[in-house]
Amino acid sequence: MSKAQKKENITAHHPTLAKTPTGITGLDEITGGGLPLGRPTLVCGDAGCGKTLMSLEFIVRGATQFNEPGVFMAFEEKAAELSANVASLGFDLDKLQADKKIKIDHVHIDRTEIEETGEYDLDGLFIRLNYAIDSIGAKRVVLDTLENLFSGLSNQLLLRAELRRLFHWLKEKGVTAIITGERGEGKLTRQGLEEYVSDCVILLDHRVINQISTRRLRIVKYRGSVHGTNEYPFLIDDDGISVLPVTSLKLEKPVSSDRVSSGIPALDKMLDGKGFFKGSSVLVSGTAGTGKTSLAAYFANETCRSGKRCIYFAFEESPKQIVRNMHSIGVDLQQYVDKGLLKFFASRPTLYGLEMHLVAMYKVIKEFKPAAIVLDPITNLITVGSVSEVKSMLIRLIDFLQEEQITVMFTALSLNNVVSEQTDEGVSSLVDAWLLVRDIEYNGERNRGMYIMKSRGMKHSNQVREFVITDKGLDLVEVYLGPDGVLTGSAREAQILQEQTGEVLRDYAVGRKDREITRKRKLLEAKISSLQTEFESVEEELNKTYQEEELAKQVAEKTRNEMTHLRREGKG
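A count of helices and strands for the chain gives 17 helices and 24 strands. For the chain, buried positions account for 47% of its 572 residues. Counting contacts in the chain only where the partners sit at least 6 residues apart, residues at least 24 apart contribute 70% of the total. A total accessible area of about 30,700 Å² is found for the chain, and carbon and sulfur atoms account for 51% of it.

Quick look at the structure:
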């Protein structure tokens, strides 16, 4: 049997549970696709934790996104109150009711009118609910809240019997239902029975720790389906509810070999001449005043200059402060804000808990879709969580950004205390590249030095560079070695000036020697020329005597030859 056939057989023997997507950001991911189709789900929690909003958003998203009409039966708030409460989220309940997409029915229950008899039942509710479902063909139903429905009953046996009837009736009707319930003492609900008869139980919690409030969600049970079992923070904002899934435990994120520039050519040169890897995480740490924010702003500026989007999360300075301060080093961030390439999100860390900050970041990043983000500084998050909690938060964020192939730059303030050292060490193990900017005190002067502590996956410089901030921008000065080692600042300038002065003096001395040599060469060449002339005269005189003797010899030879000829003629 082939693997494909085996897989088909396994699928045939293990069908997946049918589910109804909620449309709530993150909740469908945690539940593996949504709530159980045609079954009741219990959403429970304390007052103010978001039960009504979650169930109402379930109805609205179903009607608007999945074309599934829904009935919302409220036992506490009237339809007009519900419409007013969710109008700020963009939910127009009146229009949805007019379009027959949802139906809101308020059932008023007065405890004083309820008589506890053995004949008490929910038949009236079933008739009313059945009419509401059939009138719009509803696929989704919400009952909010269960306690108000049974507020006048103290007979536990009767109450349990009616609860079971209600849940069975909803299943038989085939609607996907949410029933909200208030949390009880030591139990998920006041009655303690709803969680047992529900196919899915979602517990909402709103807690305050160190004066910071956080909402969390947990899937207590989900019959017939695998689901997330952790606590997940969720955020209520202008768009409704956003749930943050915990990061995947598997290290299977995609990676890229593409590079992105830091904005500083000298720094890119130290990073194998190309910059950071796309989708990587970068930590810039250093003491106060070493230029961490300037480095982050340069990185954001370079991202936007290349036509890509960037988000700048600021936990210390306001956007206007950052824009103004960066003008002093020749960086105009406002132009990219105006073009829509750069977005600032500034808040004090104490605005939310760590999870809420993370949920807010997820939401903004998903909407804006940037190529890079900046977090400046992450050490401020220590005020709302421990080092381990901050590290856990950053692990989630880095995993998410790697999945989206978004490059992130963190800045961290280093102080001379244990907490900051733990923060640096804890965070540095998570990131792909770590830049350390430190003060270098020498000759009564404070300067900056930059080290590349690590950069995974590439060769990088191991040298210390002087980090210079001027009105023209940022730069890294080449390593300058003096007699006493690496020199920075005015000591470097003084040594350079001294060497330049010495070089000028050497050049002058060399020039003077060259001129003296030239003069002596010319004098010698004149003497050589004179001797050459005198030699030529003597040579000519000697040659003259030789030539005269040769000529006389030739004349004598000629005369002798002629005389010999004449004698021969006379004899004949």
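Now that the structure is up, let's keep going.
So, on to the nonpolar core. Nonpolar side chains in soluble globular proteins tend to end up buried together. Membership of the largest hydrophobic core comes to 42 residues, with the highest contact counts inside it found for Phe276, Tyr312, Leu333 and Leu342. Top element by residues in this core is helix α11 (residues 292-305). It accounts for 7 residues. Look past the residues within four positions of tyrosine 312 in its chain and what remains in contact with it is Thr293, Ala296, Ala297, Ala300, Ile322, Leu342, Lys343, Phe344, Phe345, Val374 and Asp376. Counting residues in hydrophobic clusters, the runner-up holds 36 residues, among them Leu283, Leu358, Ile398 and Ile406.

With that out of the way, let us pick up the pairing of strand β17 (residues 372-376). Within β17, 5 of the 5 residues are buried, leaving the element largely enclosed by the surrounding structure. Burial along β17 is two-sided: Ala372, Val374 and Asp376 and Ile373 and Leu375, pointing in opposite directions, are all buried. Across 5 bridges, the pairing between strand β15 (residues 310-314) and β17 is parallel. From the neighbouring strand, isoleucine 311 faces β17, where its bridge partner is isoleucine 373. The pairing of β17 with strand β18 (residues 407-413) spans 4 bridges and is classified as parallel. Within β18, the residue paired with alanine 372 across the bridge is threonine 407. Each parallel crossover has a hand, and the one from β17 via helix α15 (residues 387-404) to β18 is right-handed.

Pairing between side chains becomes possible if they bear opposite charge and their charged atoms approach one another. Applying the stated criterion across every chain yields a total of 13 salt bridges. For glutamate 68, the salt bridge identified is with arginine 140, shortest N-O distance 2.7 Å. One end of the pair, glutamate 68, is in the loop between α3 (51-65) and β4 (70-74); the other, arginine 140, is in strand β6 (residues 140-144), and 72 residues separate them in sequence. As far as burial versus exposure is concerned, glutamate 68 and arginine 140 are alike and both buried. Of the charged contacts, one joins arginine 305 and glutamate 302 as a salt bridge, the two residues approaching to 2.8 Å between their closest N and O atoms. Linking arginine 305 with glutamate 302, this pair stays in helix α11, spanning 3 residues, or about one helical turn. On the basis of relative accessibility, which here comes to 53%, the residue arginine 305 falls in the exposed class. Through salt bridges with shared partners, a single ionic network connects Arg39, Lys171, Asp199 and Arg223.

This paragraph deals with helix α4 (residues 79-86). Of the residues making up α4, those classed as buried are Leu82, Ser83 and Val86. Down the axis, α4 shows its buried residues gathered within 100° of arc, on one side only. In this structure, α4 carries Ala80 and Ala84 as exposed residues pointing more than 90 degrees from its buried face.

Our focus in this paragraph is the packing of aromatic side chains. Taken as a whole, this structure holds 5 aromatic pairs when the rule is applied. Between tyrosine 362 and phenylalanine 400, the aromatic rings sit 4.1 Å apart at their centres with planes inclined by 20°, giving stacked as the arrangement. With tyrosine 362 in helix α14 (residues 354-368) and phenylalanine 400 in helix α15, the pair connects residues that are 38 residues apart, well separated along the chain. Judged on exposure class, the residue tyrosine 362 and its partner phenylalanine 400 are both buried.

Below, the discussion takes up a negative patch on the surface. A cluster of acidic residues, Glu536, Glu539, Glu540, Glu541, Glu548, Glu549 and Glu550, forms a negative patch on the protein surface. Along the chain, glutamate 539 turns up in helix α17 (residues 489-571).

Interhelical geometry of α14 versus α15 gives an angle of 15° and a closest axis separation of 10 Å. When the interaxial angle is binned, α14 and α15 end up roughly parallel. You can see that α14 and α15 cross each other, and the crossing is right-handed. Listed contacts from α15 to Leu354, Glu355, His357, Leu358, Met361, Tyr362, Ile365 and Lys366 of α14 are Glu389, Val390, Met393, Arg396, Leu397, Phe400, Leu401 and Glu404. Each residue belonging to the contact of α14 with α15 can be placed in one class, and the counts come to 10 nonpolar, 1 polar and 5 charged.

Time to look at helix α12 (residues 319-327). Residues Ile322, Val323 and Met326 constitute the buried set of α12. Within α12, the buried residues cover an arc of 95° as seen down the axis, which keeps them to one side. Exposed side of α12, more than 90 degrees from the buried face: Lys320 and Arg324 are the residues found there. Considering only its buried residues, α12 is in contact with α11, β15, α13 (334-339) and β16 (342-346).

The next point concerns empty space enclosed by the protein. Under the criterion given, the structure shown has 2 cavities of 30 Å³ or more. Lining the second largest cavity, in full, are Phe276, Phe277, Ser280, Asp432, Ala433, Ser455, Arg456 and Met458. Broken down by class, the residue content of the lining of the second largest cavity amounts to 4 nonpolar, 2 polar and 2 charged.

In this section: the confidence of the model for the chain. Predicted confidence across the chain gives a mean pLDDT of 79, with 82% of residues reaching 70 or more. Note on residues 113-119: pLDDT under 50 across the span, and 9 contacts to partners over four residues away in sequence or across chains. Contacts for the low-pLDDT stretch residues 416-423, under 50 throughout, to residues beyond four places or in other chains number 9 contacts.

Before going further, it helps to spend a moment on the pairing of β4. The buried fraction of β4 is high, at 5 of 5 residues. Both faces of β4 are covered, namely the face carrying Gly70, Phe72 and Ala74 and the face carrying Val71 and Met73. Judged from the 5 bridges that link them, β4 and strand β5 (residues 102-106) form a sheet pairing that is parallel. Bridge pairing links alanine 74 to histidine 106 in β5.

Moving on, we get to the side chain of serine 461. By the secondary structure assignment, serine 461 is in the loop between β20 (445-455) and β21 (465-470). Of the polar contacts made by the side chain of serine 461, one reaches the backbone nitrogen of glutamine 463; its length is 3.1 Å. Residues within four places of serine 461 in sequence aside, it is in contact with Met270 and Ile452.

On to the state of the cysteines, then. Here the structure, examined in full by the defined rule, presents 0 disulfides. In this model cysteine 310 remains outside any disulfide bridge; the closest cysteine sulfur is found in cysteine 304, 5.2 Å from its own.

Rules and cut-offs
- Residues numbered from 1 in each chain as written.
- Predicted model: local features only at pLDDT ≥ 70, side-chain atom pairs only at ≥ 80, totals over all residues.
- Heavy atoms only, no water.
- Helix = DSSP H or I, 4+ residues; strand = E, 2+ residues; numbered from the N terminus.
- Buried < 20%, exposed > 50% of the residue type's maximum accessible area, 1.4 Å probe, protein only.
- Contact = heavy atoms within 4.5 Å.
- Areas by Shrake-Rupley, 256 points an atom, 1.4 Å probe, with all protein chains shown as cover.
- Core = buried A, V, L, I, M, F, W, Y, C linked by side-chain atoms within 4.5 Å.
- Pairing = 2+ DSSP bridges.
- Right-handed = clockwise from strand over helix to strand, strands pointing away.
- Salt bridge = Lys/Arg side-chain N within 4 Å of Asp/Glu carboxyl O.
- Arc of directions from axis to C-beta.
- Phe/Tyr/Trp six-rings, centres within 6.5 Å; stacked < 30°, edge-to-face > 60°.
- Patch = residues over 30% accessible without salt bridge, like charges linked within 9 Å, V, L, I, M, F, W, Y side chains within 5 Å.
- Lys, Arg positive; Asp, Glu negative; His and termini not counted.
- Charge placed at Lys NZ, Arg CZ, Asp CG, Glu CD.
- Axes fitted to C-alpha atoms, helices over the stretch in contact; angles between N-to-C directions.
- Parallel < 35°, antiparallel > 145°, perpendicular 65-115°, else oblique.
- Left-handed = near helix turned anticlockwise from the far one by under 90°.
- Nonpolar A, V, L, I, M, F, W, Y, C, P; charged D, E, K, R; others polar.
- 1 Å grid on protein atoms, 1.4 Å probe; cavity = no way out; pocket = protein on both sides within 12 Å on 5 of 7 lines; lining within 4 Å.
- Points joined across faces, edges and corners; volume = space filled by probe spheres on them.
- pLDDT = per-residue confidence, 0-100.
- Polar contact = N/O pair within 3.5 Å; in protein donor to acceptor, adjacent residues only side chain to side chain.
- Disulfide = S-S within 2.5 Å.

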